[in-house]
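An overview of the molecular structure
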Amino acid sequence: MAGETDLAKLLATMSPVLFPQTYVYCTVAYRDAARYQALEPLATYREDEGLTLVVTRAAADGAGLGYGPLLRRITLNVHSALEAVGLTAAVSAALTREGISANVIAAYYHDHIFVPEADAERALDALRALTVA
């Protein structure tokens, strides 16, 4: 099934959903990656400096991992094509207007935005406003 590429349709139907879990970004040595698979990371990314894990705060705390800011995940429930143009920019612009930082992970079917926990509800409101703009 092909994803949507039309920006107007993407924005009108993105149906953002805020998840209750608190997520964090951690980094571990790549050679230790197998040891951390039991944490069931939501996402991983291999960088030269190490393996980034996106895990729940509870998982990071349980493993004794250090982490940065506390984040909440908002998923855009529209099947966006990986080659779609403008969705990330529109989402980023809406959050920028509200002074909210965002870390976006594009997966095969959906885009996922991680925002500071304290700003999560405002971020959700800003994204919902895009669907009626």
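Residues numbered from 1 in each chain as written. Predicted model: local features only at pLDDT ≥ 70, side-chain atom pairs only at ≥ 80, totals over all residues. Heavy atoms only, no water.

1. Some thoughts on the sheet that holds strand β4 (residues 71–76)
The strand order β2-β3-β1-β4-β6-β5 describes an open sheet built from 6 strands, whose pairing is antiparallel. With partners counted over all chains shown, the strands left at the sheet margins are β2 (43–47) and β5 (103–106), one partner each. Between one strand axis and the next, the sheet turns by 30° as a mean value, whatever way the strands run. Relative to strand β6 (residues 111–116), β5 is paired through 4 bridges, and the arrangement is antiparallel. (Pairing = 2+ DSSP bridges. Helix = DSSP H or I, 4+ residues; strand = E, 2+ residues; numbered from the N terminus. Axes fitted to C-alpha atoms, helices over the stretch in contact; angles between N-to-C directions.)

2. Some details on the packing of aromatic side chains
The tally for this structure, following the rule as stated, stands at 3 aromatic pairs. Consider the rings of tyrosine 23 and phenylalanine 114, whose centres lie 5.8 Å apart with planes at 85°: the pair is edge-to-face. Placement of tyrosine 23 in strand β1 (residues 16–28) and of phenylalanine 114 in strand β6 is noted, with a sequence separation of 91 residues between them. A relative accessible area of 2% places phenylalanine 114 in the buried class. (Phe/Tyr/Trp six-rings, centres within 6.5 Å; stacked < 30°, edge-to-face > 60°. Buried < 20%, exposed > 50% of the residue type's maximum accessible area, 1.4 Å probe, protein only.)

3. Here we look at the nonpolar core
By size, the foremost hydrophobic cluster in this structure holds 23 residues, and its most contacted members are Met14, Ile74, Leu76, Leu95, Val115 and Leu127. Of all the elements in the fold, those that place two or more residues in this core are α1 (7–12), β4, α4 (87–97), β6 and α5 (120–130). Ranked by residues supplied to this core, first place goes to α5 with 6 residues. The residues contacting leucine 76, other than those within four sequence positions of it, are Met14, Ser15, Pro16, Leu87, Val91, His110, Asp111, Ile113 and Leu127. (Core = buried A, V, L, I, M, F, W, Y, C linked by side-chain atoms within 4.5 Å. Contact = heavy atoms within 4.5 Å.)

4. A few points about the packing of α4 against α5
Two elements in contact, α4 and α5, have axes whose closest approach is 9 Å; the angle formed by their N-to-C orientations is 130°. One way to sum up the angle between α4 and α5 is to call them oblique. Crossing handedness for the pair α4 and α5: right-handed. Contacts from Ala90, Val91, Ala94, Leu95 and Arg97 in α4 reach Ala123, Ala126, Leu127 and Leu130 in α5. (Parallel < 35°, antiparallel > 145°, perpendicular 65-115°, else oblique. Left-handed = near helix turned anticlockwise from the far one by under 90°.)

5. Points about the pairing of β6
Judged by how many residues are buried, β6 sits mostly within the fold: 6 of 6 residues are covered. Where β4 and β6 come together, 6 bridges link them in antiparallel fashion. Opposite arginine 73, over in β6, you have phenylalanine 114 as the bridge partner. In sequence, β5 turns back onto β6 through a hairpin of 4 residues.

6. Some thoughts on the side chain of threonine 52
The topology assignment puts threonine 52 in strand β3 (residues 50–56). On the accessibility criterion, threonine 52 (14% relative accessible area) is buried. Polar contacts involving the side chain of threonine 52 include one to the side chain of glutamate 47, which spans 3.0 Å. Apart from residues lying up to four places away in sequence, threonine 52 is in contact with Tyr25, Cys26, Thr27, Ala43, Thr44, Tyr45 and Glu47. (Polar contact = N/O pair within 3.5 Å; in protein donor to acceptor, adjacent residues only side chain to side chain.)

7. Topic: the pattern of salt bridges
In this structure the tally under the stated criterion is 3 salt bridges. Across the salt bridge formed by aspartate 61 and arginine 57, the nearest N and O atoms sit 3.8 Å from each other. A residue pair is termed a helical-turn pair when its members lie 3 or 4 positions apart in one helix, as aspartate 61 and arginine 57 do in helix α3 (residues 57–63) at 4 residues. We note a salt bridge from arginine 122 to aspartate 119, for which the minimum N-O separation is 3.2 Å. Overlapping salt bridges, with partners in common, bring together Glu98, Asp119 and Arg122 in one network. (Salt bridge = Lys/Arg side-chain N within 4 Å of Asp/Glu carboxyl O.)

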